[in-house]
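# Descriptive structure summary
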Amino acid sequence: MRGERLRSRGGPGRARTVVAAVTAAVLAGTGVLTGCTSSGPASSDSSAEAARPSPRPTPVWDRSPSSVAAVGDSITRGFDACGVLADCPEVSWATGTDRAVRSLAYRLLGSPPAELLAEKTWNFSETGARMADLPAQMARAAQHEPELVTVLAGANDACRNSAQRMTPVDTFKSSFEASLRQLRASAPKAQVYVSSVPDLKRLWSTGRGNPLGRQVWKLGICASMLGDSQDDSEAAEERRDLVYERVVAYNGALRDVCAKDKRCRYDGGEVFAFRFSGKQLSPWDWFHPSKNGQGRLAEIAYRNVTAARPPA
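Please read these numbers as outputs of a predicted model, since none were measured by experiment.

Helix and strand content of the protein: 14 helices and five strands. Across the 312 residues in the protein, those meeting the buried criterion constitute 45%. In the protein, the share of contacts with a sequence separation of at least 24, taken over all contacts with a separation of at least 6, comes to 72%. When the accessible surface of the protein is summed, it comes to about 15,900 Å², and 54% of that surface belongs to carbon and sulfur atoms.

Of all hydrophobic cores here, the largest spans 69 residues; its most connected members are Trp93, Phe176, Val194, Leu200 and Phe287. It is helix H12 (residues 234-259) that provides the largest number of residues to this core, a total of seven residues. Discounting chain neighbours no more than four positions away, the residues touching Phe176 are Met131, Leu134, Val151, Val194, Leu254, Val257 and Cys258.

Let us look at the environment of Met138. With respect to the helices and strands, Met138 occurs in helix H6 (residues 134-142). Taking relative accessible area as the criterion, Met138 reaches 0% and is therefore assigned buried. The spatial distance from the C-alpha of Met138 to the C-alpha of Ser125 is 9.5 Å, given a sequence separation of 13 residues. Setting aside chain neighbours within four positions, we find Met138 in contact with Val71, Val149, Val151, Ser179, Leu180, Gln182 and Leu183.

Mapped onto the elements, Gly269 comes out in the loop between strand E5 (264-266) and helix H13 (270-273). Since its relative accessible area comes to 15%, Gly269 is described here as buried. Spatially, the C-alpha atom of Gly269 lies 9.7 Å from that of Val194, the residues being 75 residues apart in sequence.

This part covers the pairing of strand E1 (residues 68-72). Buried residues dominate E1, accounting for five of its five residues. Side chains of E1 alternate between two faces, with Val68, Ala70 and Gly72 and Ala69 and Val71 buried alike. Two elements, E1 and strand E2 (residues 121-123), share three bridges in a ladder whose sense is parallel. Opposite Ala69, over in E2, you have Trp122 as the bridge partner. Alignment of E1 against strand E3 (residues 148-152), held across five bridges, turns out to be parallel. Within E3, the residue paired with Ala70 across the bridge is Thr150.

Geometrically, a pair of aromatic rings is defined through the distance of the ring centres and the angle of the planes. With the rule as written, the count across this model stands at three aromatic pairs. An angle of 10° between the planes, with centres 4.1 Å apart, marks the rings of Phe172 and Tyr250 as stacked. With Phe172 in helix H8 (residues 169-186) and Tyr250 in helix H12, the pair connects residues that are 78 residues apart, well separated along the chain. Note on Phe172: relative accessible area 0%, which makes it buried. The class for Tyr250 is buried, based on a relative accessible area of 0%.

A few words now on the packing of H8 against H12. Running from N to C, H8 and H12 cross one another at 30°; their axes reach a closest spacing of 9 Å. Taken as a pair, H8 and H12 cross one another with a handedness that is right-handed. Within the contact between the two elements, H8 uses Val169, Phe172, Lys173, Phe176, Glu177 and Leu180 and H12 uses Arg246, Ala249, Tyr250, Ala253, Leu254, Val257 and Cys258.

This paragraph deals with a nonpolar patch on the surface. A cluster of nonpolar side chains, namely Val84, Leu85 and Trp284, defines an oily patch on the protein surface of about 300 Å² accessible area. Structurally, Val84 is set in the loop between helix H3 (74-77) and helix H4 (104-108). For Val84, a relative accessible area of 51% puts it in the exposed group.

Roughly 380 Å³ of volume is contained in the largest pocket. Lining of the largest pocket is provided by 22 residues; of these, Asn156, Cys159, Ile221, Cys222 and Phe287 occupy positions nearest its centre. Mapped onto the lining of the largest pocket, the elements with two or more residues apiece are H3, helix H7 (155-158) and helix H9 (200-207). Residues belonging to the lining of the largest pocket are distributed by class as follows: 13 nonpolar, seven polar and two charged.

What follows is about the sheet that holds strand E4 (residues 191-194). Taking strand neighbours across the sheet as the criterion, the five strands line up as E2-E1-E3-E4-E5 in an open arrangement whose pairing is parallel. Sheet topology places E2 and E5 at the edges, where each strand pairs with a single neighbour. Sheet twist, expressed as the average angle between the axes of neighbouring strands with direction ignored, equals 15°. Inspection of the sheet shows E3 paired to E4 by four bridges, in the parallel sense. Each residue of the ladder has a partner; that of Leu148, found in E4, is Gln191. Taken strand by strand, H6 contacts E1 and E3, and its axis lies near 165° from that of E1. Sheet strands touched by helix H14 (residues 291-306): E3, E4 and E5. Its angle to E4, the strand with the most contacts, is close to 135°.

What counts, and where the lines are drawn
- Residues numbered from 1 in each chain as written.
- Predicted model: local features only at pLDDT ≥ 70, side-chain atom pairs only at ≥ 80, totals over all residues.
- Heavy atoms only, no water.
- Helix = DSSP H or I, 4+ residues; strand = E, 2+ residues; numbered from the N terminus.
- Buried < 20%, exposed > 50% of the residue type's maximum accessible area, 1.4 Å probe, protein only.
- Contact = heavy atoms within 4.5 Å.
- Areas by Shrake-Rupley, 256 points an atom, 1.4 Å probe, with all protein chains shown as cover.
- Core = buried A, V, L, I, M, F, W, Y, C linked by side-chain atoms within 4.5 Å.
- Pairing = 2+ DSSP bridges.
- Phe/Tyr/Trp six-rings, centres within 6.5 Å; stacked < 30°, edge-to-face > 60°.
- Axes fitted to C-alpha atoms, helices over the stretch in contact; angles between N-to-C directions.
- Left-handed = near helix turned anticlockwise from the far one by under 90°.
- Patch = residues over 30% accessible without salt bridge, like charges linked within 9 Å, V, L, I, M, F, W, Y side chains within 5 Å.
- Salt bridge = Lys/Arg side-chain N within 4 Å of Asp/Glu carboxyl O.
- 1 Å grid on protein atoms, 1.4 Å probe; cavity = no way out; pocket = protein on both sides within 12 Å on 5 of 7 lines; lining within 4 Å.
- Points joined across faces, edges and corners; volume = space filled by probe spheres on them.
- Nonpolar A, V, L, I, M, F, W, Y, C, P; charged D, E, K, R; others polar.

Rendered as structure tokens:
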């Protein structure tokens, strides 16, 4: 009986306690083992997920736009490239159809026939236009919803009767900002390629040696820079330096405004730095680009538009 009582003390209650403890330990061990076992595939899946390359975001800048609109001044109109004091848009660096120039649009669209090129391009630039005229040009361009809009304007803001009448930099900048807002209102996804304003002082230095050019300049072409082209006095140099510095400031404004728009690309000052030679200037005014010069502008634009990254 004593032994039975002893056994009964360690009977079902204690047995259940022992069994429960052992079961808990086994389950705990199993849980640990299960955790270790299951962590293998889970870790493998996690590693595989980490190793799998994430999809690349669609780039904002399209390097092969299929339609081009142009805004700006006489350079984009091809002024004096084909004849005296006349526009010649067919040789425009931006939208021209001339096969010798091979405009930006011509290159982007794969050298199409002129009639097909004309269906995909629009040139709203105007001879004599200043930056203040650009918002209206942009509004007209936006109506066609082009995939790319080219901008080359600012030379006429610096080319005035006197250096004192040049467009103030703040006014120039606000007009360009208004131009982009005008475009975005109707064509929010249109890309914008902005060319820097050419170095007017370098154009003066290149053309001043040509007798014909000097005579034409006396008619008043860009008097702030080209007036009294043979005058090397200190006052004349100061005037030309003032115009040069204003163009540099204009380009800085173009760069800064463009940088705030994710679909805008500035040329990095490449046109400003380009050294136009005699054959790249109009034989009628020795100031505007010739057909050869238009072709060089097209080369620069095509390289920058199709580059993986914007110019530095």
